[in-house]
Each structure stands twice: as structure tokens, then as C-alpha cells.
Amino acid sequence: MDFPRLQIAIVAVVLLVVDAVLLDIQSISTLAVMGATLLCLIWQLWWILPYTVLWPKEVKSSSDIHPERQLSILTSNVLTPNRNADALIQLVRKYKPDVLVTLESDQWWEDKLSVLEAEMPYSVKCPLDNLYGMHVFSRLPLEEDETCYLVEKDVPSIHASLVLRTGDKVRVHFIHPAPPSPSENPESAERDAELVIVARSVAESDQPVIVTGDLNDVAWSATTRLFLKISGLLDPRVGRGMYNTFHASYFFLRWPLDHLFHSQHFTLRSIQRLPSIGSDHFALLTRVLFSPVQDKNQQGLTPNITDNEWSKDITQEQDVSKHDVPRPGESN
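Residues numbered from 1 in each chain as written. Predicted model: local features only at pLDDT ≥ 70, side-chain atom pairs only at ≥ 80, totals over all residues. Heavy atoms only, no water.

A few words now on the overall build of the chain. Each helix and strand counted, the chain has 7 helices and 11 strands in total. In terms of overall size, the chain behaves like a compact globule, its C-alpha atoms giving a radius of gyration of 21 Å where 332 residues would be expected to give roughly 20 Å. Referenced to the eigenvectors of the C-alpha coordinate spread, the extents of the chain come out at roughly 70 × 45 × 45 Å. Looking at the chain, you have 29 positive and 42 negative side-chain charges, and the mean spots of the two groups are 8 Å apart. (Helix = DSSP H or I, 4+ residues; strand = E, 2+ residues; numbered from the N terminus. Rg over C-alpha atoms; globule rule 2.2 N^0.38 Å. Lys, Arg positive; Asp, Glu negative; His and termini not counted. Charge placed at Lys NZ, Arg CZ, Asp CG, Glu CD.)

Set out below in C-alpha cells:
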């Protein structure tokens, strides 16, 4: 029930108003019903309020416009059967991101997006027809790139070092773990294990880091919060908004499933949800600024003993405790 917390909160507010208008508020039974509804509303708000403007910002806004230190990443789950590649190409040419990462992209998408290689000459390609294909196109050099299968043999992730215009290197991780679903994984164990593996690897690094992709999990879930606690990464949406990217076709059933998290080496220029390209996901464009001097002024979630034990249990359950994300200079 992590996904519909916003929808449940809205229903609770409506129900409270209806109860107050239609029922006898002097009645003990009415007060009991309204009290239970209010508790439900408070519980949902506890999870989702950080992703509203009512919450303090976790990532500072950048006032520096130095172009050499800026980095923009466009993340797009294209939906494999979607054949509107021109719409995505137009977005890339309009917003000119430094990096484009596509999820669910197969060989057809690779062929169509090849027109971008003239302006984005660096790439890592993993075309698959199982809804887990992945492509990365970049204007900036990509070094030591590797495609890994951390948990499931047919679910890839891409890891590389991105060279900024200043010459600084950023470790980037592009991920798309499989969701819990009746047709794939009955539980979320595989998804959770991949997130923990990446989080632990990030936590052991002092490098600037960015993790982005479709996590098949909402921003406020216990498992995404665990990922942020273990990794030490920051979420630029906290204090700004949800930026719901799925489902593009149903405004009343939308959740933040596409994410970009980063280390304390960055501040935020902007984040925005882009227009539909015919997929069930909207694309997400995030612009950050490499600001290593800001690293002590930003604070994310902190893990406790329970969180560390839970993360160990997740990897042990999937027997992936020895799996790791490749580090620069190493092979997986």
C-alpha cells in the first residue's frame, strides 16, 4: 500500500468533509468514524509531506550558473511497444540534456535513436525485448562503462564514469529493477536486493555519484527510504514536489517512479517532468551543478541499526551478498 498514499489521503480529506456535512457531529459514532479517518490521514501525510513544498528542501538550489559545472540528465522509460521515437528525439533537441538514458528500449528504439549520436557521440547500449533494455547517450565522455546483471540474469544496469566539462569525474548508475507483479516477481525481493547492492556500493565511495532510472517504487516507500539511508544520497524532490511520472494516461493514478538521486557534491538547478511521448511514463529532466564546497550543508536520511540489519536480510534472502557494482578500475 505504499503506492496509493496520496490517493488515500485525498479520499480521507473528502470523507472528513462529507462526514462533517452529512452526519451528526454530536454523535459518538460520528466522532469515532471521523477520528479514525483523521488518524489515517495523518499517517499518510507523514509519508508524503516531504514531497511537497511544505517540507524543507533537502538539496539546496544553485545560484551559480557556471556552464562548465552543470550536468543535465533526461531519464525516459519509453515503453517498448511505443513507436513514437520522434517525440523523444524532439525533447532531446529542445532541452539538450548532457545525458539521455532510455529504459525499456529495444533494437527498434536503438535504431531510431541512432540519429542522436552526431550530437551525443558517447553511448552504452543494451537492447532487449523483455522490457528491460537500456541505452545511454551522452555529450560528455563515458569511461569504464559496464553493463551488469546484479540480481536477475535478464535485468541489466549500466555503470560508468562521466567526465564533466571541468574534468571532474562523476560515477553514474542507471538502474531499472524488476517490479513486484503477478507476471514477473510475486514479491519485491529482487527489486529491493538490487537497490541495496547499489546503495552499499555508493556508500563506500567518496566520488561524486548520481543514480537514476525507473526504480518501480515510489519516492516515499520504506524501501526507497532504505536505499537513501544506506547510500547517503540526496533526493532533490524533497521540499519541492512529487514529479509523478507514471501513469501518463491516468491523472488520478500517478506516482513518482522515475528518480534521480545524487551525492552531496551537487546542488540543484532545476527538475521538471516533460511532456508525454506516448509512453506510460513521462520523462524526467534534472539539472544539477557540481558544487563540492556545498557538501557539508546538505543532509539526507541517516540509517540506524534496524536499517542496516534489514539491508543485510534483503541481500541474504536473494543470495546476492557477494554481488557488487563495479568500481572504477575494477570489473564485475
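Another point: the packing of aromatic side chains. Counted under the stated rule, the structure contains 10 aromatic pairs. Both rings, one in Phe251 and one in Phe252, keep their centres 5.4 Å apart while their planes meet at 90°; by these two values the pair is edge-to-face. Overall, the relative accessible area of 47% leaves Phe252 in the partly exposed class. Joined through ring pairs, the aromatic side chains of Trp43, Trp46 and Trp47 make up one cluster. When the ring centre of Phe282 is taken as origin, the NZ or CZ atom of Arg273, which lies over that ring, is 4.4 Å away. (Phe/Tyr/Trp six-rings, centres within 6.5 Å; stacked < 30°, edge-to-face > 60°. Buried < 20%, exposed > 50% of the residue type's maximum accessible area, 1.4 Å probe, protein only. Lys NZ or Arg CZ within 6 Å of the ring centre and 35° of its normal.)

It is worth spelling out the sheet that holds strand S3 (residues 122-126) at this point. With mixed pairing, 6 strands are arranged side by side in an open sheet as S3-S4-S2-S1-S11-S10. With one partner strand each, in any of the chains shown, S3 and strand S10 (266-273) form the two edges of the open sheet. Neighbour to neighbour, the strand axes of the sheet diverge by 15° on average, direction disregarded. Bridge analysis of strand S1 (residues 70-77) against strand S2 (residues 99-103) gives 5 bridges, and the strand direction is parallel. Bridge pairing in S2 links Leu74 to Leu100. Most of the contacts of helix H3 (residues 85-95) go to S2, to which it runs at about 160°, and overall it touches S1, S2, S10 and strand S11 (284-290). (Pairing = 2+ DSSP bridges. Axes fitted to C-alpha atoms, helices over the stretch in contact; angles between N-to-C directions. Contact = heavy atoms within 4.5 Å.)

Let us now look at the pairing of strand S9 (residues 258-262). Most of S9 sits out of view: 5 of its 5 residues are buried. The side-chain alternation of S9 yields two buried faces, one formed by Asp258, Leu260 and His262 and the other by His259 and Phe261. As paired elements, strand S8 (residues 209-214) and S9 share 5 bridges and run antiparallel to each other. Pairing of Asp214 across the sheet is with Asp258, part of S9.

Backbone torsion omega between Phe246 and His247 reads 10°, so that peptide bond is classified as cis. Along the polypeptide, His247 turns up in the loop between helix H6 (222-231) and S9. Phi is positive for Glu104, which is not a glycine, with a value near 65°. Within the secondary structure, Glu104 sits in the loop between S2 and helix H4 (107-113). The exposure class of Glu104 is buried, given its relative accessible area of 9%. Phi at Asn216 is positive, roughly 50°, even though this residue is not glycine. The residue Asn216 is located in the loop between S8 and H6 in this model. A residue is classified by how much of its surface remains accessible, and Asn216, at 12% relative accessible area, is buried.

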